[in-house]
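# Notes for the structure review
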Amino acid sequence: MTVDYIILGQGLTGTFVSWNLIRAGKEVVVIDESKPFTASRVASGVVNPVTGRRIVRTWRIEELWPYAFEAYTTLGKELNAELVQSTSILDFHPSPQMKEAFEKRIEDEDEYLHKPVNADEWKQYFNYNYGFSCISPCLLIDLNTMLINWRQKLKNDNRLLEQRFDWSECKVSQDGIEYNSLTAQKLICCQGVAGFDNAWFKNLPFAKIKGEAVIASIPDLPRDRIYKQGINIVPWNKDLFWIGSSYEWSYNDVLPTAGFRKKVEEHLKHWLKIPFRIVDHFASERPATIERRPFVGLHPKYTSIGILDGMGTKGCSLAPFFASQLTEHLLEQKPLSAEVDIQRFKKILSAG
Ligand SMILES: Cc1cc2nc3c(=O)[nH]c(=O)nc-3n(C[C@H](O)[C@H](O)[C@H](O)COP(=O)(O)OP(=O)(O)OC[C@H]3O[C@@H](n4cnc5c(N)ncnc54)[C@H](O)[C@@H]3O)c2cc1C
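Residues numbered from 1 in each chain as written. Predicted model: local features only at pLDDT ≥ 70, side-chain atom pairs only at ≥ 80, totals over all residues. Heavy atoms only, no water.

## Observations concerning empty space enclosed by the protein
To find the voids left in a structure, one rolls a probe of water-molecule size over its atoms. The full count for this structure, using the stated rule, is one cavity of 30 Å³ or more. The computed volume of the largest cavity comes to approximately 30 Å³. Around the largest cavity, the lining residues are Cys189, Cys190, Gln191, Gly195, Asn198, Phe201, Ile307 and Asp309. Classifying every residue of the lining of the largest cavity by side-chain character gives four nonpolar, three polar and one charged. (1 Å grid on protein atoms, 1.4 Å probe; cavity = no way out; pocket = protein on both sides within 12 Å on 5 of 7 lines; lining within 4 Å. Points joined across faces, edges and corners; volume = space filled by probe spheres on them. Nonpolar A, V, L, I, M, F, W, Y, C, P; charged D, E, K, R; others polar.)

Right, here's the structure in full:
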């Protein structure tokens, strides 16, 4: 079989690249081995426009936010699902210093940061002494529905190979790709952390970050907000909540730990005034990069192979935008943003 593109991976990145190329009329085959705890499957799906201790806007959020909203809405319509909702985060201050820092920032950042109308409003649900601020609008994406429904559509259209991609069966040349009985113009690698072991791109400065989360039942907690105090409580599917996460740069395995679960349980016991029950616990790795910018584009020496990876902690906002940039680059030779284009690593990639 001959196709235009083989897309390796169907996480957030592979979903958006394949969706864009198919919409542009290209013949696409997606290869994904269906692992249960990939980054996209365990992520909470939040797009928070202001983060960090300094509570500043995240990189390029003014472009990324509206683009993401539109992309998830349009893809959702195609998949008969509501994939995105605009919501707010109630950020409970852990100390008087944080309360002061927030209130100072609200003076300059009135688009995304707001003071609550009634600071005691949430006292029936939470213990808190230093008030809270609202971060709004932010987005909540239903990633699991998106991944499942898009996968099903690919399957129905005979565009999915559910298997592990075997590099020993893949021939990359200047003219194109041969993989078993498939031939294609290009192979686009959307592998998340597995991309770190891809021989063509292994020299890129990747950095993995482990993250754990628990799933809990909190029947009395309203489901129309996200709650934050060191950890996030995020509405999840089937009336449950996602609670996390950890950020670990050094670890021996990608398994859930008793230590994380205990820490979350203790935190919730102090913070929540209402009953909760932990029902699940998982861990995964975020495909981050040392300079905190994604890897997008075609290999400088072999242009039949390309990559969209390195989404780090912000795949929900970065993936739709840069999948679209990559598609326009492939189809119309439009330039990629210099900050993400892997041409910035031309030397090390050409040497590899
Ligand atoms: C705990 C946690 C919470 C997070 N929360 C958020 C959040 O709230 N908001 C946010 O924006 N981001 C969040 N993230 C980050 C986000 O999940 C990632 O940035 C994003 O999902 C990465 O998507 P991806 O497509 O690059 O990788 P992945 O989701 O890992 O997808 C890669 C796919 O490729 C497949 N694959 C790889 N190699 C092969 C092979 N050889 N053969 C076949 N298939 C292969 C894998 O099986 C997988 O399905 C979170 C991450 C974690 C771990």
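Text resumes after the structure shown.
## Here's the deal with the environment of lysine 238
Of note, lysine 238 is situated in the loop between strand E15 (231–235) and strand E16 (241–244). With 36 residues separating them along the chain, lysine 238 and lysine 202 place their C-alpha atoms 39 Å apart. (Helix = DSSP H or I, 4+ residues; strand = E, 2+ residues; numbered from the N terminus.)

## Digging into the packing of aromatic side chains
Scanning the model with the defined rule gives 23 aromatic pairs in all. Centroid distance tryptophan 122 to tyrosine 125: 5.4 Å. Interplanar angle 45°. Geometry classified as tilted. You can call tryptophan 122 buried: its relative accessible area is 5%. Residue tyrosine 125 is classed as buried on the basis of its relative accessible area of 16%. The ring centre of tryptophan 59 lies 5.4 Å from the NZ or CZ of arginine 60, which sits over that ring. (Phe/Tyr/Trp six-rings, centres within 6.5 Å; stacked < 30°, edge-to-face > 60°. Buried < 20%, exposed > 50% of the residue type's maximum accessible area, 1.4 Å probe, protein only. Lys NZ or Arg CZ within 6 Å of the ring centre and 35° of its normal.)

## Describing the domain arrangement of the protein chain
The domains assigned to the protein chain are domain 1 (2–42 + 145–205 + 291–351) and domain 2 (206–289). Each partner contributes to the interface: domain 1 provides 22 residues, whereas domain 2 provides 14 residues. When domain 1 packs against domain 2, the two sides together hide about 1,500 Å² of surface, and 69% of this comes from carbon and sulfur. When the buried area of domain 1 at its contact with domain 2 is split by residue, Val42, Val193 and Phe196 rank highest and sum to 38% of it. (Domains from an automatic or database assignment. Contact = heavy atoms within 4.5 Å. Buried area = accessible area lost by both parts, 1.4 Å probe.)

## What about the pairing of strand E10 (residues 170–173)?
Residues Cys170 and Val172 of E10 are buried on one face, while the alternating residues Lys171 and Ser173, pointing to the opposite face, are not. Here E10 runs beside strand E11 (residues 176–179); their pairing, made up of four bridges, is antiparallel. Within E11, the position partnered with lysine 171 by the bridge is glutamate 178. Taking the residues between adjacent antiparallel strands as the criterion, E10 and E11 are bridged by two residues. (Pairing = 2+ DSSP bridges.)

## Some details on the nonpolar core
Within the largest apolar cluster, 65 residues are counted, with the highest numbers of intra-cluster contacts made by Ile7, Phe16, Val17, Tyr72, Met146, Ile188 and Leu308. With residues near it in sequence (within four places) discarded, isoleucine 188 still touches Tyr5, Ile6, Ile7, Leu8, Val17, Leu298, Gly306, Ile307, Leu326 and Leu330. Ile6, Val172, Tyr179 and Val193 belong to the second largest nonpolar core, which has 25 residues in total. (Core = buried A, V, L, I, M, F, W, Y, C linked by side-chain atoms within 4.5 Å.)

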